[in-house]
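What follows is the residue order along each chain.
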Amino acid sequence: MAILVGLINATLDLTRIEAGRIEITPVPTALAPLLDDCLRSVEPLRADDVSFDCRIAPELPSMDVDAEKLRQIVINLLGNAVKFTERGQIALRACCHGDRVEVEVADSGIGIPADKLEAIFEEFEQ
């Protein structure tokens, strides 16, 4: 049942994005635990020959963010890394740069072909 509800919510989110009516609900959020939770969510899905390298800076602040949307974005990035990395490493890094926080997901997977880089942010591209 929870999977069906998640699928319905994702479809509704996509509809709202297309209509330009996505709602952001920022709340004070401790970033380090949220990112750690994202990593723990996808960790069981990784192949045996894949290791995780998690480097979350201890000084990450709490920020006003839409925690569920941030969680969805990070889990999607980590999920893609798990999906396309058969062996090697997946890294999750988060650090502060002045008043900004940078979150990075990197992997040693197959990568994106150079001729597809321009299209990856277009609608419905894989």
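Our structure's up above, just so we're on the same page.
Residues numbered from 1 in each chain as written. Predicted model: local features only at pLDDT ≥ 70, side-chain atom pairs only at ≥ 80, totals over all residues. Heavy atoms only, no water.

For the chain, the count of helices and strands is three helices and five strands. Mapped in sequence order, the helices and strands of the chain form the string α-β-α-β-β-α-β-β. Per-residue burial over the chain gives 20% buried out of 126 residues. Counting every atom, the chain has about 9,100 Å² of accessible surface; 56% of that belongs to carbon and sulfur. (Helix = DSSP H or I, 4+ residues; strand = E, 2+ residues; numbered from the N terminus. Buried < 20%, exposed > 50% of the residue type's maximum accessible area, 1.4 Å probe, protein only. Areas by Shrake-Rupley, 256 points an atom, 1.4 Å probe, with all protein chains shown as cover.)

Let us now look at the sheet that holds strand 5 (residues 100-107). Read across the sheet, three strands follow the order 2-4-5 without closing on themselves; strand pairing throughout is mixed. At either end of the open sheet lies a strand with only one pairing partner, and these are strand 2 (50-56) and strand 5. If you compare each strand with its neighbour and ignore which way they point, the axes differ by 5 degrees on average. In this sheet, strand 4 (residues 88-97) lies alongside strand 2 in parallel orientation, the contact comprising seven bridges. (Pairing = 2+ DSSP bridges. Axes fitted to C-alpha atoms, helices over the stretch in contact; angles between N-to-C directions.)

The next point concerns the packing of helix 2 (residues 31-42) against helix 3 (residues 67-83). Where helix 2 contacts helix 3, the two axes come as close as 9 Å, and the packing angle between them is 40 degrees. By the angle between their axes, helix 2 is oblique relative to helix 3. As helix 2 runs across helix 3, the sense of the crossing is right-handed. Of helix 3, the residues touching helix 2 (which contributes Leu-31, Leu-34, Leu-35, Asp-37, Cys-38, Leu-39, Ser-41 and Val-42) are Ala-67, Leu-70, Arg-71, Val-74, Ile-75, Leu-78, Gly-79 and Val-82. Its residues assigned to classes, the contact of helix 2 with helix 3 shows twelve nonpolar, two polar and two charged. (Parallel < 35°, antiparallel > 145°, perpendicular 65-115°, else oblique. Left-handed = near helix turned anticlockwise from the far one by under 90°. Contact = heavy atoms within 4.5 Å. Nonpolar A, V, L, I, M, F, W, Y, C, P; charged D, E, K, R; others polar.)

Before going further, it helps to examine the nonpolar core. With 19 residues, the main nonpolar core has Leu-35, Phe-52, Leu-60, Val-74, Leu-78, Ile-90 and Leu-92 as its most contacted residues. Elements with a contribution of two residues or more to this core: helix 2, strand 2, helix 3 and strand 4. Filtering out sequence-adjacent residues up to four positions away, Leu-35 remains in contact with Ile-56, Leu-60, Val-74, Leu-92, Ala-94 and Val-103. (Core = buried A, V, L, I, M, F, W, Y, C linked by side-chain atoms within 4.5 Å.)

A few words on the environment of Thr-29. Looking at the secondary structure, you find Thr-29 in strand 1 (residues 27-30). Given a relative accessible area of 8%, Thr-29 falls into the buried group. Ignoring any residue separated from it by four or fewer positions in sequence, one finds Thr-29 in contact with Leu-34, Pro-61, Ser-62, Met-63, Val-65 and Ala-67.

Tallying each qualifying case throughout the model produces eight salt bridges. Between Asp-36 and Arg-40 there is a salt bridge; the shortest N-O distance is 3.2 Å. Taken together, the residues span about one helical turn, with Asp-36 and Arg-40 both in helix 2 at a distance of four residues. Judged by relative accessible area, which is 30%, Asp-36 ranks as partly exposed. (Salt bridge = Lys/Arg side-chain N within 4 Å of Asp/Glu carboxyl O.)

The end-to-end C-alpha separation of helix 2 is 17 Å, in line with the 16 Å expected for twelve residues at 1.5 Å each. Within helix 2, burial applies to Leu-31, Leu-34, Leu-35, Cys-38, Leu-39 and Val-42. For helix 2, the angular spread of buried residues about the axis comes to 140 degrees, placing them on one side. Close packing links the buried residues of helix 2 with strand 1, strand 2, strand 3 (62-65), helix 3, strand 4 and strand 5. (Expected span 1.5 Å × (residues − 1). Arc of directions from axis to C-beta.)

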